[in-house]
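Here is what each chain is made of, one letter per residue.
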Amino acid sequence: MLDYHLHLWPHGTRASEPTLDELAAYCEAAAAAGVTELALTEHLFRFVQADGALRGFWDDDPDPRLRTQLAGYWDDHAHADLDVYVDAVLEAKAAGLPVVLGLEVDHYAGRMDRVAALLDGYPFDVLLGSVHWIGAWGFDQLGDPAVEAEWDQRAIDDVWDAYTDALEELAASGVCDVLAHPDLPKVGGRRPAVPDEWYDRMADAAAASGMAAEVSSAGCRKPVAEAYPAPALLSRFRKAGVPVTTASDAHGMADVASHGAELRALLADAGYDSLVSFRARRPAPVEV
Ligand SMILES: [Zn+2]
Ligand SMILES: [Zn+2]
């Protein structure tokens with residue numbers, strides 16, 4: 001079992017320099033849950049280097065309320081130094097901890113070439129690809145008034161369509177290795193009556209790009225109360241030959257390797273008997 005999606009800093013808190021003790025504690029908690037390898041995958045938008053390359057991507061959105069909300073969110077997050085983070089994880093690897101160096105990279109519409117240039121030269125093992133924004137709308141920031149107001153205005157099918165467009169662009173860019181929380185728009189519990197069209201497109205996009213997909217327990221801790229992806233989407237990934245990782249998306253110790261039994265059951269039901277790990281962005285099969 002893997003936990004291939006881990007953050008060091010909860011949203012709403014300032015980043016601190018990761019310590020070897022902190023990473024060792026993550027590994028210890030994971031091992032107790034039967035997890036043999038961890039990927040540290042902090043958000044790209046936590047780092048000042050991303051601020052330099054990507055600030056203002058939200059200016060394309062016509063809605064001033066969403067632009068203002070996202071600018072504030074961005075400013076709350078972009079304070080850490082990518083080189084310090086990379087060095088800390090490499091130090092943990094060198095010390096023998098079962099960790100690999102990753103990052104959770106977002107989809108930046110029309111700007112994935114800038115993202116690729118920014119990441120070039122770093123010794124990442126695995127890059128997660130996530131769609132967190134539709135235009136300037138951070139649709140999974142539940143509880144934010146501007147975000148919630150937008151959910152009330154948009155048709156669910158339109159949201160899924162726009163999300164899938166973004167996911168397809170992200171996959172086709174070739175910048176990332178694993179599709180994180182593939183059906184994230186269900187986070188608040190609003191989902192299309194017939195999602196098949198979008199499930200098909202997501203599975204096709206993953207297969208065509210050669211990406212893996214993530215089976216994540218994060219949704220179990222959200223209003224939707226279900227892992228990502230839904231069983232019907234995971235079955236499509238399986239049919240399309242898309243390999244998978246497992247992940248908690250923890251933002252602190254409490255959730256490291258959470259809901260492992262649920263994830264194992266999901267994988268078994270979909271017919272997966274192996275996972276995929278990464279070194280230097282090259283995949284290798286491992287046991288569930
Ligand atoms: Zn995410
Ligand atoms: Zn995450």
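Remember, it's a predicted structure, so these values are computed and weren't measured experimentally.

(A) Focus on the overall build of the protein. Counting its regular elements, the protein contains 10 helices and 9 strands. Taking 2.2 N^0.38 as the reference for a compact globule, 288 residues should give roughly 19 Å; the C-alpha atoms of the protein span a radius of gyration of 18 Å, in line with that estimate. With the C-alpha coordinates of the protein rotated into their principal frame, the extents come out at 50 × 40 × 30 Å. Of the contacts formed within the protein by residues at least 6 apart in sequence, a portion of 79% connects residues at least 24 apart. Of the roughly 11,200 Å² of accessible surface on the protein, a fraction of 51% belongs to carbon and sulfur atoms.

(B) Geometry of the nonpolar core. Counting residues in hydrophobic clusters, the biggest one holds 99 residues, and the most contacted among them are L44, Y85, L103, Y108 and L119. Beyond its immediate chain neighbours, meaning those up to four positions away, L119 contacts L44, L103, V105, F124, L127 and V175.

(C) Spotlight on the coordination of the zinc ion (ligand 1). Only E104 (OE), H132 (NE2) and H181 (NE2) from the protein reach the zinc ion (ligand 1) as donors, at distances of 2.0 to 2.2 Å. For the zinc ion (ligand 1), the donor residues sit on a single chain with the sequence spacing E-x27-H-x48-H. Here the zinc ion (ligand 2) and the zinc ion (ligand 1) are spaced 3.4 Å from one another, each receiving a donor from E104. One end of the pair, E104, is in strand β3 (residues 99–106); the other, H132, is in the loop between β4 (126–130) and α6 (145–153), with 28 residues separating them in the sequence. Classification of H132 by relative accessible area gives buried; the value is 6%.

(D) Molecular detail of the coordination of the zinc ion (ligand 2). For the zinc ion (ligand 2), the protein coordination sphere consists of H5 (NE2), H7 (NE2), E104 (OE) and D249 (OD), at 2.0 to 2.2 Å. The site at the zinc ion (ligand 2) holds 4 donor atoms, and with the angles between them running 82 to 167°, its shape is irregular. Expressed as a motif, the donor residue spacing for the zinc ion (ligand 2) is H-x1-H-x96-E-x144-D.

(E) Representation of helix α10 (residues 260–270). Listed in full, the buried residues belonging to α10 are G260, L263, L266, L267 and A270. An end-on view of α10 places all buried positions within 125° of arc, on one side of the element. Exposed positions of α10 whose direction lies more than 90 degrees from the buried face are A261, A268 and D269. Where α10 is buried, its residues meet β6 (212–216), α9 (231–239), β7 (244–247) and β8 (274–279). G271 lies just past α10 and shows a positive phi near 90°.

(F) Molecular detail of the packing of helix α8 (residues 196–209) against α9. Their axes nearest at 9 Å, the elements α8 and α9 cross at an angle of 35°. Remark: the crossing between α8 and α9 carries right-handed chirality. For the pair α8 and α9, the contacting residues are D196, Y199, D200, M202, A203 and A206 in the first and A232, L233, R236 and F237 in the second. Looking at the contact of α8 with α9 residue by residue, the class counts come to 7 nonpolar, no polar and 3 charged.

(G) Expanded view of unusual backbone geometry. The linkage connecting Y228 with the following residue, P229, adopts the cis geometry, with an omega of -5°. Along the chain, P229 turns up in the loop between β6 and α9. Phi angles above zero are rare outside glycine, and A225 is one such case at about 55°. Take A225: it is sitting in the loop between β6 and α9. At H259, a residue that is not glycine, the phi angle is positive and equals roughly 60°.

(H) The arrangement of the pairing of β4 in detail. In terms of burial, β4 is largely enclosed, as 5 of its 5 residues are buried. By the alternation rule, side chains of β4 split into V126, L128 and S130 and L127 and G129, which are all buried. With 5 bridges connecting them, β3 and β4 associate as parallel partners. When the sheet's bridge partners are listed, L103 is paired in β4 with L127. Sheet analysis places β4 next to strand β5 (residues 178–179), joined by 2 bridges and oriented parallel.

(I) Structural view of the side chain of D177. Looking at where D177 falls in the secondary structure, it is placed in the loop between α7 (156–173) and β5. Only 3.0 Å separates the side chain of D177 from the side chain of R281, close enough to count as a polar contact. Leave out the neighbours within four places in its chain, and D177 touches D125, V126, L127, M211, A212, F278 and R281.

Conventions we followed
Residues numbered from 1 in each chain as written. Chains lettered and ligands numbered in written order. Predicted model: local features only at pLDDT ≥ 70, side-chain atom pairs only at ≥ 80, totals over all residues. Heavy atoms only, no water. Helix = DSSP H or I, 4+ residues; strand = E, 2+ residues; numbered from the N terminus. Rg over C-alpha atoms; globule rule 2.2 N^0.38 Å. Contact = heavy atoms within 4.5 Å. Areas by Shrake-Rupley, 256 points an atom, 1.4 Å probe, with all protein chains shown as cover. Core = buried A, V, L, I, M, F, W, Y, C linked by side-chain atoms within 4.5 Å. Buried < 20%, exposed > 50% of the residue type's maximum accessible area, 1.4 Å probe, protein only. Donors = N, O, S within 2.8 Å, 3.2 Å for Na, K, Ca; no water. Tetrahedral: all angles 85-135°; square planar, octahedral: opposite > 155°, others 65-115°. Arc of directions from axis to C-beta. Axes fitted to C-alpha atoms, helices over the stretch in contact; angles between N-to-C directions. Left-handed = near helix turned anticlockwise from the far one by under 90°. Nonpolar A, V, L, I, M, F, W, Y, C, P; charged D, E, K, R; others polar. Pairing = 2+ DSSP bridges. Polar contact = N/O pair within 3.5 Å; in protein donor to acceptor, adjacent residues only side chain to side chain.

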